[in-house]
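In case you want the letters, here they are:
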Amino acid sequence: MLEPAVIVLRLAQYLGAMVLMGSSLFFVYALPGRGDGSAAEAPWTRRLLAAAGALLAVTALFAVIGQASVLSGSLTEGLKPETLTAVVTGMDLGKAAIARAVAAALAVILVLSLKPSRTTWMAVAALGALATGSLAWMGHGAATEGGGSSVHLISDILHAWAAAVWIGALVAFLLLLRTPTPTPAATVALHRALHGFSGVGTGLVAVLLATGVINGWFLVGPDHLSGLWTTPYGRLLSLKLVLFVAMLGLAAANRFQLTPALGLGLGAQDSEGAALDHLRRSVILETALGFGVLALVAWFGTLAPPAAM
């Protein structure tokens, strides 16, 4: 039961770190600084970031225990001080987990103690970026040896950051769209946020594709492409790619169809309501696919990649 627990803890850390970074950045670049529809006025923004930070801090610490237990062969052995100390002080994975927990705890303190503002969101985003970047030491990116090790590690960090901006925005959009009848000002702010994210989203896809190719080169390699589906890692990776393509399709529909439809329907109750319903369903599905991608990454990140076989 230890390995499934480690996978769940990995997924929880992905979600916590990416919401902490991506949603706080979204509040800065996509929403108005003040007034109706701003992150400062929304009652859920602080709760979201505080919950994400708390989730990350707790699961990062539990992940140290989980990893120590896997390495030692049992939970009893993993809980021994000497085993935990060895993981925290002797392994990059353990050091990164402690860094994530500290960054997340600091983010929670900032969110709960400071007045909601762009300065607060930027500070939380910086801590979230630190936490998200440290996820590279939880996967294969930090384990690469040789001349290309730095390239692989940097690529892994950039991949995680791009994913965080996307996932964090989707979670924020979900919460913005949960109100069945938002105020006219809030709807206008939502439409502007959708437009603002469109340009950001194009850059994110470019980064994800480029870094995905680099990571695939190191972890799979051209020699193993033909037999990718024959390995557990390859099958999960292939399924991740399918879900990612589906996310791209939904994102394209949001940008080129649903967002313009909302813009045309602003002020017209029936048209605006229908457009919001379509957007709500699309964002729910896209977010579910995004969480599915993270779950697969949490799983196949524990498996040996084809290049290592």
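Look a little higher up for the structure.
These numbers come from a predicted model, not from an experiment.

**Quick notes on a nonpolar patch on the surface**
Among the surface-exposed residues, Ile154, Leu158, Trp161 and Val207 lie close enough to one another that they form a single nonpolar patch of about 320 Å² accessible area. By the element assignment, Ile154 lies in helix H7 (residues 149-176).

**With respect to the pattern of salt bridges**
Across all of its chains, the model carries 2 salt bridges by this definition. Between Arg280 and Asp277 there is a salt bridge whose closest N-O contact spans 2.8 Å. Taken as a pair, Arg280 and Asp277 lie in helix H10 (residues 269-300) at a separation of 3 residues, close to a single helical turn. For Arg280, a relative accessible area of 17% corresponds to the buried category.

**Looking at the packing of aromatic side chains**
The tally for this structure, following the rule as stated, stands at 7 aromatic pairs. Judged by centre distance (5.9 Å) and plane angle (80°), the ring pair of Phe26 and Tyr29 falls under edge-to-face. Residue Phe26 and its partner Tyr29 are located together in helix H1 (residues 2-29), separated by 3 residues, close to a single helical turn. Take Phe26: its relative accessible area is 0%, and that puts it in the buried class. By relative accessible area, which is 30% here, Tyr29 ends up partly exposed. Their ring planes at 70° and their centres at 6.1 Å tell us that Trp166 and Phe244 sit as a pair that is edge-to-face. Here Trp166, found in helix H7, pairs with Phe244, found in helix H9 (residues 232-265); they are 78 residues apart in sequence, far enough to count as distant.

**Structural notes on empty space enclosed by the protein**
Space left empty within the atom packing is revealed by a probe, the size of a water molecule, rolled over the atoms. According to the stated counting rule, one finds 1 cavity of 30 Å³ or more in the structure shown. Volume-wise, the largest cavity comes out at about 30 Å³. What lines the largest cavity is simply Phe27, Leu31, Pro32, Gly33, Ala39, Ala40, Ser117, Arg118 and Trp121. Grouping the constituent residues of the lining of the largest cavity by class yields 6 nonpolar, 2 polar and 1 charged.

The rules behind the values
- Residues numbered from 1 in each chain as written.
- Predicted model: local features only at pLDDT ≥ 70, side-chain atom pairs only at ≥ 80, totals over all residues.
- Heavy atoms only, no water.
- Patch = residues over 30% accessible without salt bridge, like charges linked within 9 Å, V, L, I, M, F, W, Y side chains within 5 Å.
- Areas by Shrake-Rupley, 256 points an atom, 1.4 Å probe, with all protein chains shown as cover.
- Salt bridge = Lys/Arg side-chain N within 4 Å of Asp/Glu carboxyl O.
- Helix = DSSP H or I, 4+ residues; strand = E, 2+ residues; numbered from the N terminus.
- Buried < 20%, exposed > 50% of the residue type's maximum accessible area, 1.4 Å probe, protein only.
- Phe/Tyr/Trp six-rings, centres within 6.5 Å; stacked < 30°, edge-to-face > 60°.
- 1 Å grid on protein atoms, 1.4 Å probe; cavity = no way out; pocket = protein on both sides within 12 Å on 5 of 7 lines; lining within 4 Å.
- Points joined across faces, edges and corners; volume = space filled by probe spheres on them.
- Nonpolar A, V, L, I, M, F, W, Y, C, P; charged D, E, K, R; others polar.

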